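This is what each chain is made of:
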Amino acid sequence: MSASEYQRRRAALAERIGPEAIAIVPAARETERNAGVNHPFRQDSDFRYLTGFPEPDAIAVIVPGREDGEFVLFCRERDPEREQWDGRRIGAEGAVTDHGADQAHTLAELDQRMPELLAGRTRLHCPIGADATFEARIQDWLGRARAATRGSTPVPETLTRIGVDLHELRLRKDPAEIALMRRAAEISAEGHRALMRRCRPGLPELSLEAEFQYRCADAGARLQAYPPIVAGGANACILHYTENDARLRDGELVLIDAGGEFEGYAADITRTFPVNGRFSTPQRELYDLVLEAQRAAIAVACPGASVDAPHQAALGVLTRGLVRLGILEGDPETLLQEGAYRPYYMHRTGHWLGMDVHDVGRYRDQDGAWRALEPGMVITVEPGLYMPDDARVPIAYRGIGIRIEDDVLITADGHEVLTEGAPKDPEEIEALMAS
Ligand code: GLY
Ligand code: MN
Ligand code: MN
């Protein structure tokens, strides 16, 4: 991602919040895992979107129209001793020369400089409701600004959650972001193909998790977008099964929901396939139904359509299919109205996808209506069926869980499935597994 991309995004945010406002966006902090060992660091998505600055603890300040520069960055001080232990630091100078900051200062200068930046602005856009400690610091800076100006200049009285404006920008992906999402999708799709080739009865679920993570990391996606789900047999009916500690059994399906994160962007793919490489007839009946629902849902994903349209399309296909298979009884339209599918399909058909796997952005307009899809938005389409292991369903279907999930970019004239590289046609899966 080039420096000019970040510059363009900061300018877009500045334009949205207006010349009276100021925005404060903090980087992620390091968090301890145990006894002096930290969790792997992942930059805050909002902060990364606006700056590309990779270090923890930094704070970006965007001050629209400010004469001495609109982008001020506070970051960790260079420190040869700490750098020898913990790694290189960019420092204030590097933030200006290599990261596009108009001005940069060390974190030690925050309490002195922040009140000066706040003075003269009427509105503050900042995180609200996520980090009480940081919000207390903001209140402290506002207090200092009020004390220093003593009413001679305005100090922000209105606080707006940063996401109100920033997340509308993040929701519509720019071409540079789309390129990264394509790559995240390709790497992850290739990972799923590798698992289809590797899978066999007796293999631990963990072996497939390990193989997926290796494939992603080896292709440049070191972090996963979320913990991989490798669910053999009835484990697939637990939606967020992440134990991945059973063995895969002959005659069962395995559901794999896994996606890598490439340069800050997520992929989110689910494939379900037979452990031994051949679908049984009942497995195939349910699989074909989920696939039909998924294709119907993808077909309606286009600009101007409601973000709820794919879900409605999937529900219609699934409900009619459940009647056809004898799992539901009655008039499909009435069953649909009643939500009779819910014991077998209890989640929505998709969500926004971007830097976060469950990406930011509102799903409804101010008046509560579902919003319309627009070019540049990316959604997942992920219907499923989860058959309880009890008398509600015919014996042949009990304990079968299936989900098929793709990542779909809305384009000017329709959509593009970013995750096409992972086979979902059952015959294609069987052919790949036999090869
Ligand atoms: N992998 C999480 C989800 O599909 O929403
Ligand atoms: Mn998923
Ligand atoms: Mn998903």
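Taking an unreviewed UniProt entry as the reference, the protein chain is identified by name as Xaa-Pro aminopeptidase belonging to Marichromatium purpuratum 984. Database annotation for the protein chain, UniProt heading Catalytic activity (unreviewed entry): "Release of any N-terminal amino acid, including proline, that is linked to proline, even from a dipeptide or tripeptide." Under Cofactor (unreviewed entry), UniProt gives the following word-for-word description of the protein chain: "Mn(2+)".

A. Spatial organisation of the pattern of salt bridges. Under the counting rule described, the total for this entry stands at 37 salt bridges. Measuring nitrogen to oxygen at the nearest pair gives 3.4 Å for the salt bridge that ties glutamate 5 to arginine 8. One end of the pair, glutamate 5, and the other, arginine 8, are both in helix 1 (residues 3-17), three residues apart, so they sit about a helical turn from each other. For arginine 8, a relative accessible area of 42% puts it in the partly exposed group. For arginine 278, the salt bridge goes to glutamate 430, with nearest N and O atoms at 3.3 Å. With arginine 278 in the loop between strand 14 (269-274) and helix 10 (281-299) and glutamate 430 in helix 13 (residues 426-434), this residue pair connects regions lying 152 residues apart in the sequence. Under the relative-accessibility criterion, arginine 278 is labelled exposed at 58%. Taken together, the salt bridges that share partners define one network made up of Arg42, Asp46, Arg170, Lys173, Glu261, Asp356 and Asp359.

B. Representation of the nonpolar core within the structure. Among the nonpolar cores identified, the biggest contains 108 residues, and Leu13, Leu73, Phe273, Leu373, Leu385 and Met387 are the most heavily contacted of them. Within the second largest apolar cluster, 19 residues are counted, among which are Leu118, Ile138, Trp141 and Val155.

C. A look at the coordination of the manganese ion (ligand 2). Protein coordination at the manganese ion (ligand 2) comes from Asp257 (OD), Asp257 (OD), Asp268 (OD) and Glu405 (OE), with a distance range of 2.0 to 2.4 Å. Bound by six donor atoms, the manganese ion (ligand 2) shows angles of 56 to 171 degrees at the metal and therefore irregular coordination geometry. Linear spacing of the donor residues for the manganese ion (ligand 2) on their chain is D-x10-D-x136-E. In this structure, the manganese ion (ligand 2) lies 3.3 Å from the manganese ion (ligand 3), and both are coordinated by aspartate 268. Taken together, the residues aspartate 257 in strand 11 (residues 253-258) and aspartate 268 in the loop between strand 13 (265-266) and strand 14 connect sequence positions eleven residues apart. Judged by relative accessible area, aspartate 257 falls into the buried class, the value being 6%.

What counts as what
Residues numbered from 1 in each chain as written. Chains lettered and ligands numbered in written order. Predicted model: local features only at pLDDT ≥ 70, side-chain atom pairs only at ≥ 80, totals over all residues. Heavy atoms only, no water. UniProt positions renumbered as here; feature names shortened; annotations may be inferred. Salt bridge = Lys/Arg side-chain N within 4 Å of Asp/Glu carboxyl O. Helix = DSSP H or I, 4+ residues; strand = E, 2+ residues; numbered from the N terminus. Buried < 20%, exposed > 50% of the residue type's maximum accessible area, 1.4 Å probe, protein only. Core = buried A, V, L, I, M, F, W, Y, C linked by side-chain atoms within 4.5 Å. Donors = N, O, S within 2.8 Å, 3.2 Å for Na, K, Ca; no water. Tetrahedral: all angles 85-135°; square planar, octahedral: opposite > 155°, others 65-115°.

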